[in-house]
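# Structure assessment
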Amino acid sequence: MKKHNFSAGPCILPQEVLLKASEAIMDFNGSGLSLIEISHRSKDFVEVMENARSLAIELLGLEGKGYSAIFLQGGASMQFLMTAYNLLEKKAGYLNTGTWSEKAIKEAKMFGEIVEVGSSKDENFNYIPKGYSIPEGLDYLHLTSNNTIFGTQIKKFPNTNVPLVCDMSSDIFSRQLDFSQFDLIYAGAQKNMGPAGATLVVIKDDVLGKVSRQIPSMLNYQVHISKDSMFNTPPVFAVYTSMLTLEWLKNAGGITAIDEINEKKAQLIYSEIDLNPVFKGYANKEDRSNMNATFNLTDDKLKDTFDALCKEAGINGINGHRSVGGYRASMYNALSLESVGVLVDVMSEMERKG
Ligand SMILES: *Cc1c(COP(=O)(O)O)cnc(C)c1O
């Protein structure tokens, strides 16, 4: 039976990417050797890295705009501290929109003064704070574009002269934005790009070199950029698979095309959540994420029935995060509109039964 994978992360990747990646594990580029048993300095792998880096810049529309893309290890969680290590001299602003923002704040506090410019903690992060003011003299403002756990997404980014740093782990390459408004973007691969183990960092070159502290080589963006993201052995399989996904996305029409499909998927599920009395949405309507739809049953007694119907339909991975409860349907780039349709059918069957 076909599985419909709504997992929040690690999560669904395109079938053709999985197929090509598994072929390369056995025989990379017809070399008779596996991708994971050859030198990362070999011509074939260097090409993979260059291709992955330039595809990222190209898809984001940042060619010729002074940005570098690198693939690092340590997940997005490592970026919580690396961003502060490299950019925070005195004071930075953070918008607190959930668990991931809070973790980023905790790390950054080790490097300087942190101003929480806004927070939605009072409502367990079911909305995006708006109308907050951005104080003078910040080294940067840190945002989380999509809150994977709570199902909220920033739709409009602040218009400010302060450099913007954005954790885009769960919605990078999913929607059309002017990416040049950001000075640094980071994203763990495992939500829209590839397997866990690689983290994409896109940095505007002129934002670096402004802090006075010494930075250890492995944590220094400049070092990784100057070595073309090959300062040490990169996570070769994760980078290769990410490259395949980026190629897949480019062939599918890039971000503009996927954005349209993601919008359709989101409309389909949210209109069901809004119209079906068996369910209620978690996130504030205007802030709802196109990637992660969070919702609850209006009557918890229906849980066993709903879970059984989902299982029967091949629906996988829709349990909500423990800090929210209920359900979460993650609809990353590789998830088809058809899969969302299958979930929506099960939801309407619940209404008929209820
Ligand atoms: C998953 C996630 C993280 C954590 O990523 P790791 O790679 O596990 O460190 C951080 N931020 C956001 C928005 C996420 O969705």
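What counts and how
- Residues numbered from 1 in each chain as written.
- Predicted model: local features only at pLDDT ≥ 70, side-chain atom pairs only at ≥ 80, totals over all residues.
- Heavy atoms only, no water.
- Helix = DSSP H or I, 4+ residues; strand = E, 2+ residues; numbered from the N terminus.
- Expected span 1.5 Å × (residues − 1).
- Buried < 20%, exposed > 50% of the residue type's maximum accessible area, 1.4 Å probe, protein only.
- Contact = heavy atoms within 4.5 Å.
- Domains from an automatic or database assignment.
- Buried area = accessible area lost by both parts, 1.4 Å probe.
- Salt bridge = Lys/Arg side-chain N within 4 Å of Asp/Glu carboxyl O.
- Polar contact = N/O pair within 3.5 Å; in protein donor to acceptor, adjacent residues only side chain to side chain.
- Pairing = 2+ DSSP bridges.
- Axes fitted to C-alpha atoms, helices over the stretch in contact; angles between N-to-C directions.

### So, helix α2 (residues 43-59)
Counted at 1.5 Å a residue, the expected span for α2 with its 17 residues is 24 Å, and the 24 Å between its end C-alpha atoms agrees. Regarding α2, the residues found buried are Phe-45, Val-48, Met-49, Ala-52, Arg-53, Leu-55, Ala-56, Ile-57 and Leu-59. Among the structural elements, β2 (67-72), β10 (199-204), α5 (221-226), α6 (236-251) and α7 (254-275) are those in contact with the buried residues of α2. Immediately beyond the C-terminal end of α2, within one or two residues, lies Gly-61, with a positive phi of roughly 70°.

### Digging into the domain arrangement of the protein
According to the domain assignment, the protein contains domain 1 (15-251) and domain 2 (255-353). Opposite the 30 residues of domain 1 that make contact, domain 2 presents 24 residues. In total, domain 1 and domain 2 occlude about 2100 Å² of area from one another, counting both sides; carbon and sulfur atoms represent 50% of this. Taken as a group, Ile-149, Gly-151 and Gln-176 account for 22% of the area that domain 1 buries against domain 2, more than any other trio of residues on that side. On inspection of domain 1 and its partner domain 2, the count reaches two salt bridges. When the shortest N-O distance is used, the salt bridge between Lys-130 and Asp-287 registers 2.9 Å. Scanning the region where domain 1 abuts domain 2 turns up 19 residue pairs in polar contact (both at pLDDT 80 or more). For the side of domain 1 that touches domain 2, the secondary structure elements donating two or more residues are β7 (152-153) and α6.

### Description of the sheet that holds strand β11 (residues 279-281)
One open sheet accounts for three strands, arranged β11-β12-β14; its pairing is antiparallel. Looking at the sheet topology across the chains shown, the edges are occupied by β11 and β14 (327-330). Direction aside, neighbouring strands of the sheet carry axes that sit 35° apart on average. Of the pairings in the sheet, the one linking strand β12 (residues 292-297) to β14 comprises four bridges and is antiparallel in character. Pairing of Ala-293 across the sheet is with Ala-329, part of β14. The sheet strands contacting α7 are β11, β12 and β14, and the helix crosses β12 at an angle near 20°.

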